[in-house]
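Analysis of the macromolecular model
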Amino acid sequence: MKNNSKSELKIKQIIGIVFILVLIATNMQAVIKTNNNMQTAKSKKENIEQNTINQIEVATIERELNTTTRASEERIIEEQQEKYISIEEIKISKDMDLTKRCGISKEDFKTLMTNLKSDTTGFFENNSDTIYILCEKYEINELFFCGLIAAESGWKIATSHRNTNNYISMMSKGKLIRYATPEEGLEAAAKLLHNKYLTEGGSYYYGKTLSCVQKRFCPNSSTWVNLVYGCMNVII
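So, here is what we can say about the structure in this document. These numbers come from a predicted model, not from an experiment. (Residues numbered from 1 in each chain as written. Predicted model: local features only at pLDDT ≥ 70, side-chain atom pairs only at ≥ 80, totals over all residues. Heavy atoms only, no water.)

**Observations regarding the overall build of the protein chain**
We apply this condition: Only runs of H or I of at least four residues qualify as helices and only runs of E of at least two qualify as strands under DSSP, and these elements are numbered from the N terminus. We call a residue buried when its accessible area falls under 20% of the maximum for its residue type, exposed when it is over 50%, and partly exposed in between, using a 1.4 Å probe and counting protein chains only. Contacts: residue pairs with any heavy atoms within 4.5 Å of one another. All accessible areas in this document rest on Shrake-Rupley with a 1.4 Å probe, and a residue is counted as covered only by the protein chains that are shown.
Secondary structure assignment for the protein chain yields nine helices and two strands. Mapped in sequence order, the helices and strands of the protein chain form the string α-α-α-α-α-α-β-β-α-α-α. Buried positions account for 31% of the 236 residues belonging to the protein chain. Long-range pairs, those at least 24 residues apart, make up 52% of the contacts in the protein chain with a sequence separation of at least 6. Accessible surface for the protein chain amounts to roughly 15600 Å². Of this, 54% is attributable to carbon and sulfur atoms.

Below, the structure written as structure tokens:
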């Protein structure tokens, strides 16, 4: 009997110990879970704080970049405005360097062409963009280029010149060379003037003034210089 009582007591003690161990393990799991939750919450909070800091830094950088970009754009605009002269400030002479641009902006040049009363067919106005760009590309004074076109083709652009898109009388085998479009004809004219007449070493180069170009471009004419210069004056 005594042995049975002792056995029961031991069993109860073992059960009690097991219960206590289970309880301790459960509590430990709860503590670990709580710690993990706290750590996760802390990590989330830190991530949120870091993301907020990153967003603030990005926003700051973007503001600085925008400010720098605006300042650069404003500076470029100011430099461009300082770079150009007004239409009223344009100066020409018979002895001027024909490779020097007149100094006005493209918009002002287009205005000049739009207001050109002699341009009764609208040729110069319609091609003002092309003319300005070509003069910039080939280093030709815009007023000289337009004056030469007017002198060779007439303000109304003679039919033969209009049909061939050849505006400064470029010849081959006694005939006007034909070009596919006005743009092609204008570029051919600008390229010819730059490469052969206005660039030192060019096959027809004699100098960069009207009288120098006349000696190679139209050597038999005594009126060519005054004709071209007169057309240039009409523009301004």
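**So, the pattern of salt bridges**
Rule in force here: We define a salt bridge as a contact between a side-chain nitrogen of Lys or Arg and a carboxyl oxygen of Asp or Glu at a distance within 4 Å.
This model, assessed by the stated rule, comprises four salt bridges. D129 is paired through a salt bridge with K106; the nearest N and O atoms lie 3.8 Å apart. Taken together, the residues span a long stretch of sequence, with D129 in helix α4 (residues 128-138) and K106 in helix α2 (residues 106-114) at a distance of 23 residues. The exposure class of D129 is partly exposed, given its relative accessible area of 30%. As a salt-bridge pair, E187 and K137 come within 2.8 Å of each other at their nearest N and O atoms. With E187 in helix α7 (residues 182-197) and K137 in helix α4, this pair connects stretches of sequence that are 50 residues apart.

**Overview of the packing of aromatic side chains**
We count it as follows: Two aromatic rings, drawn from Phe, Tyr or Trp (for Trp, its six-membered ring), form a pair once their centres lie within 6.5 Å of each other, and the interplanar angle then sorts them: stacked below 30 degrees, edge-to-face above 60, tilted otherwise. In our convention, an over-ring charge means Lys NZ or Arg CZ found within 6 Å of a ring centre and within 35 degrees of that ring's normal.
Considering all chains together, one arrives at seven aromatic pairs under this definition. Where F123 meets F124, the ring centres are 5.3 Å apart and the plane angle is 90°; that geometry is what we call edge-to-face. With a relative accessible area of 5%, F123 lands in the buried category. Counting every residue linked through ring pairs, the aromatic cluster contains F123, F124, W155 and Y167. In this structure, R101 packs its charged tip against the face of Y132, placed 4.8 Å from the ring centre.

**Quick notes on the nonpolar core**
The criterion, for reference: Among buried residues, those of type Ala, Val, Leu, Ile, Met, Phe, Trp, Tyr and Cys that are joined through side-chain atoms within 4.5 Å constitute a nonpolar core.
Counting 49 residues, the largest nonpolar core has F124, F144, F145 and L193 as the members making the most contacts within it. Listing elements by their share of this core, those giving two or more residues are α2, α3 (123-126), α4, α5 (142-153), α7, α8 (210-217) and α9 (224-235). In terms of residues, this core owes the most to one element, α5, which gives eight residues. Every residue in contact with F144, bar those within four places of it in the chain, is listed here: L98, L193, L198, L210, W224, V228 and M232.

**Brief notes about the environment of E139**
Secondary-structure assignment places E139 in the loop between α4 and α5. Sequence separation of E139 and L98 is 41 residues, and the distance between their C-alpha atoms is 8.4 Å. If we skip the residues at most four places from it in the chain, E139 touches L98, T99, L134 and H194.

**Brief notes about α2**
So the rule is basically this: For this quantity, the arc is that covered by the directions from the helix axis to the C-beta atoms.
Those residues of α2 lying buried are F109, L112 and M113. Buried residues of α2, seen end-on, are gathered within an arc of 95° and therefore sit on one face of the element. Looking at the buried residues of α2, the elements they touch are α3, α4, α5 and α9.

**Considerations on the side chain of N166**
Just so we agree on the cut-off: Definition of a polar contact: a pair of N or O atoms within 3.5 Å, with one able to donate and the other able to accept a hydrogen when the atoms are protein atoms, and with sequence-neighbouring residues admitted only if both atoms are side-chain atoms.
By the element assignment, N166 lies in the loop between α6 (159-164) and β1 (171-172). A residue is classified by how much of its surface remains accessible, and N166, at 0% relative accessible area, is buried. Within polar-contact distance, the side chain of N166 engages the backbone nitrogen of S169 at 3.3 Å. Side-chain polar atoms of N166 contact the backbone oxygen of M170, separated by 2.7 Å.

**Looking at unusual backbone geometry**
Even without being glycine, I157 reaches a positive phi, approximately 60°. Turning to its location among the elements, I157 is positioned in the loop between α5 and α6. Residue I157 is classed as buried on the basis of its relative accessible area, which comes to 4%. Here the phi dihedral of S169 falls at roughly 60°; this positive angle occurs in a residue that is not glycine.

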